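Residues per chain, in single letters:
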Amino acid sequence: MDLLAELNPPQRDAVTHPGGPLLILAGAGSGKTRVLAYRVAHLLRERGVPAARILAVTFTNKAAKEMRDRVDRLVGGGITRAMWIGTFHHICSRILRRHGDRVGIGRNFVIYDDDDQRAVLRRCLKDLGLDERRFPPGVVLAFIDKAKNEAVDHVAYAAQATGFYEEVVARLYRAYQAALREANALAFDDLLLSVPQLFREAPEVCEEYQERFAHVLVDEYQDTNRVQYLIVKTLAERHRNLCVVGDDDQSIYRWRGADVRNILDFERDYPDVTVIKLEQNYRSTKSILAAASGVIAHNPHRHAKVLWTGNAPGDLLSFYEAYDGHDEARMVADEIARLRDGLRYRDMAVLYRTNAQSRLFEEQFLRVGIPYTIVGGVRFYERKEVRDLIAYLRLALNPGDDASFSRVINVPRRGIGDVSLQRLEAFAASGGMGLLQALTRPEGVAELPKAAQRAATDFVGLLERLRDRVLRVRATDLLEAAIVETGYQQMLEGEGTDEAYGRLENLRELVTVAQEFEHTTGESTLEAFLQHLALVTDLDTWQEDVDRATLMTLHSAKGLEFAVVFLAGLEEGLFPHARAFEEEGGVEEERRLCYVGMTRAKQRLYLSHARNRTIFGTTAPAIASRFLDEIPAELIARQQKAPPPEAVWPDEDREVPSFAVGDHVRHATFGEGRVLEVEGEGVRAVVTVRFAQGVKRLALGYAPLQRA
DNA sequence: CAGTCCCAATTTTTT
DNA sequence: ATTGGGACTG
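Calculation rules
- Residues numbered from 1 in each chain as written.
- Chains lettered and ligands numbered in written order.
- Predicted model: local features only at pLDDT ≥ 70, side-chain atom pairs only at ≥ 80, totals over all residues.
- Heavy atoms only, no water.
- pLDDT = per-residue confidence, 0-100.
- Helix = DSSP H or I, 4+ residues; strand = E, 2+ residues; numbered from the N terminus.
- Contact = heavy atoms within 4.5 Å.
- Buried < 20%, exposed > 50% of the residue type's maximum accessible area, 1.4 Å probe, protein only.
- Pairing = 2+ DSSP bridges.
- Core = buried A, V, L, I, M, F, W, Y, C linked by side-chain atoms within 4.5 Å.
- Salt bridge = Lys/Arg side-chain N within 4 Å of Asp/Glu carboxyl O.

A.B. asks: What should I look at first to understand the confidence of the model for chain A in this one?
C.D. replies: Keep in mind that low pLDDT regions are not for reading the predicted coordinates in detail. Per-chain confidence: chain A averages 85 in pLDDT, with 92% of residues scoring 70 or above. Here helix α29 (residues 645–648) stands out as the element of chain A with the lowest mean pLDDT, 46, in contrast to strand β6 (residues 215–218), whose mean of 96 is the highest. Long-range and interchain partners of residues 646–653, a stretch whose pLDDT sits below 50, account for 14 contacts in this model, where long-range means more than four residues apart.

Okay, structure coming up:
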């Protein structure tokens, strides 16, 4: 197959560029993913670059997987197995597993997520005798993360800290890093920060990687932060074959430390750079592209770039001014149900600014019966039971993991409560031990009740039994064993509630995830699986092939496309978000986010806002987003106004008859029937009724149902 | 020590 | 509006 036949001239130039620094400015929908995959294929096939000598960095695991699949399809033979493709975090984690010992990071290090980090920091606050109210863990962590993203370690931070608050943060930063080191744990951002450290302290390791990676490719370069910039720069230094792809108009992660300057200043960093612009959009209709361009044109300081498309003009954009959030969601649900004639659910997505907005859509989708998936929000891996089980396994693998220890020592309840735990902590600290280690000598803990001592011995035994199998047994088997042996299953079965069984289901799901992981990667060790878990996201497990409508935030939608997109909640304060007003450049970033959202749509774009928005349980009038005004008016189909509220949503205070199972009822259309099931209460109740013509589930808020 | 109740904070966005 | 954490009680 001729790789180049399907490419336009600039795409072709990008793919065949011989070497040296290459900046590809790729507008939305200009086929950049394709160009990257083709370029890798070209390097492998035409230029004979060994797969093992190519490094490709993507923004999400999903993108990594797609690139791998795509290149394999182009070149064949699973050639990408030897290639390094992954997110920055993945790549760095891999490097640290191999060479982390050079900077004092043990091979079995665990990766701490937000929750774990918070727990560690709280511990530090306590140890330093600081008040959590004055120094909320979340706020302090934000300071620390920000520093880490800017490649500032605790030493450098202490040196530049000014003012009382920052000096306290500096002390906390130091204690925090020490605690992490003690537990052989890395905070998420440490994965990145530790690599430049490693490269500094072990130059021969650095050189090894520099020599190895003949070609370095980076996707979504506009969203790299300072550390990532440093890593890329270092890795590509030897061969200078650095190809970065990005779009400054789609930089939406500044809050995470992303620095658009990385892309804007690329030409300054590499004066001999070749710049290629991809300006033809293959994704959207002319209307959609023009509307998005109209919005983004309001931003200053952009790389000059004019997107165009040869696609059809398409429909005008729809705009709906809803009465409130419920009404907005109702419109979307009804519209999706209507569009279902001709389109699949999976071709449609609802995008919103904040996760909290998802619930309204969920309600309405349930009402209309639209299958959906929500990406983000309460993530599977953040569910309590899942985290608990993982904590057991992490602790088995890494006995020094105090955060995991504290998490599970009393789950299920073992009679070792806060008081005992505090005494244990004191004992551990006095002996310089980890908590689990301290627990092996329960007699050393002051005033530990007899029952607690016995529980301690049992717990230590349990962990030893798990630990004993860690290296011998597959992760899946170990998980199954842990569910039972920890007593977790018994505890949940004992509760007997639907919720408890749901949690048990989630644990089984985790076993399935491990099975799939083993199946796709061939890795069966617990260590590999835990690392995988720490780095996967909701988006990565998002199933495109299932026919469901997608609900997600605008941020999650980056890099995706849908035939139909609903962009909801276009209100001042929500989108652009109120927080954006406080920061210099905040509104510009929101505008880019809007641009990203709009350009996800291929055929149809729906915009909506609510006149009344409920936040924190209080409803306030909302003003249409400025972004709506920035779209050329002639591209928007005249708005439909919301009907009066009574017609669209049942009044929450309305009197609704209540029914019990077995009641005889009458429905205007279905006649008489008998109630089989009642879920919820009041206007929100859903009753299942057997009528002569069949069983129906009805929402009491809508259904004209009376006592017979 | 565990269960219950009450209050506060949450809602920006995520690898 | 929901949820988690902290205080209080049994």
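A.B. asks: Would you mind showing me how to read the pairing of β6 here?
C.D. replies: Note on strand geometry: in a regular strand, side chains alternate between the two faces of the sheet. Of the two faces of β6, the one holding H215 and L217 and the one holding V216 and V218 are both buried throughout. With 4 bridges connecting them, strand β2 (residues 54–58) and β6 associate as parallel partners. Note that in β6 the partner of V57 across the bridge is V218. Of the strand pairs in this sheet, β6 and strand β7 (residues 242–246) are connected by 3 bridges, and their pairing is parallel.

A.B. asks: Would you explain the nonpolar core in this entry?
C.D. replies: Taken as a class, soluble globular proteins show a tendency for nonpolar side chains to be buried jointly. Core analysis: the biggest nonpolar cluster contains 69 residues, and Y176, V218 and L242 have the highest contact counts within it. Ranked by residues supplied to this core, first place goes to helix α8 (residues 163–182) with 7 residues. If we ignore the near neighbours within four places in the chain, the residues touching V218 are V57, F88, T224, V232, L242, C243, V244 and V245. In terms of nonpolar packing, the next biggest core, distinct from the first, is built from 57 residues, F380, A482, A500 and L526 among them.

A.B. asks: Sorry, what's going on with helix α25 (residues 526–535) here?
C.D. replies: Residue pairs spaced three or four apart in an α-helix point in one direction, given the helix's 3.6 residues per turn. With respect to burial, α25 is a largely interior element, 9 of its 10 residues being buried. Those residues of α25 lying buried are L526, E527, A528, F529, L530, Q531, H532, L533 and L535.

A.B. asks: Could you clarify how one ought to interpret the pattern of salt bridges in this entry?
C.D. replies: Should their charged atoms come close, side chains of opposite charge can pair. Considering all chains together, one arrives at 49 salt bridges under this definition. Of the charged contacts in the structure, one is a salt bridge between E328 and R613, with a shortest N-O distance of 3.0 Å. Of this pair, E328 sits in helix α15 (residues 325–339) while R613 sits in strand β16 (residues 601–615); the two residues are 285 residues apart in sequence, bridging distant segments of the chain. Across this residue pair, the class does not change: E328 and R613 are buried. Where R474 meets E518, a salt bridge forms, and the shortest distance between an N and an O atom there is 3.1 Å.

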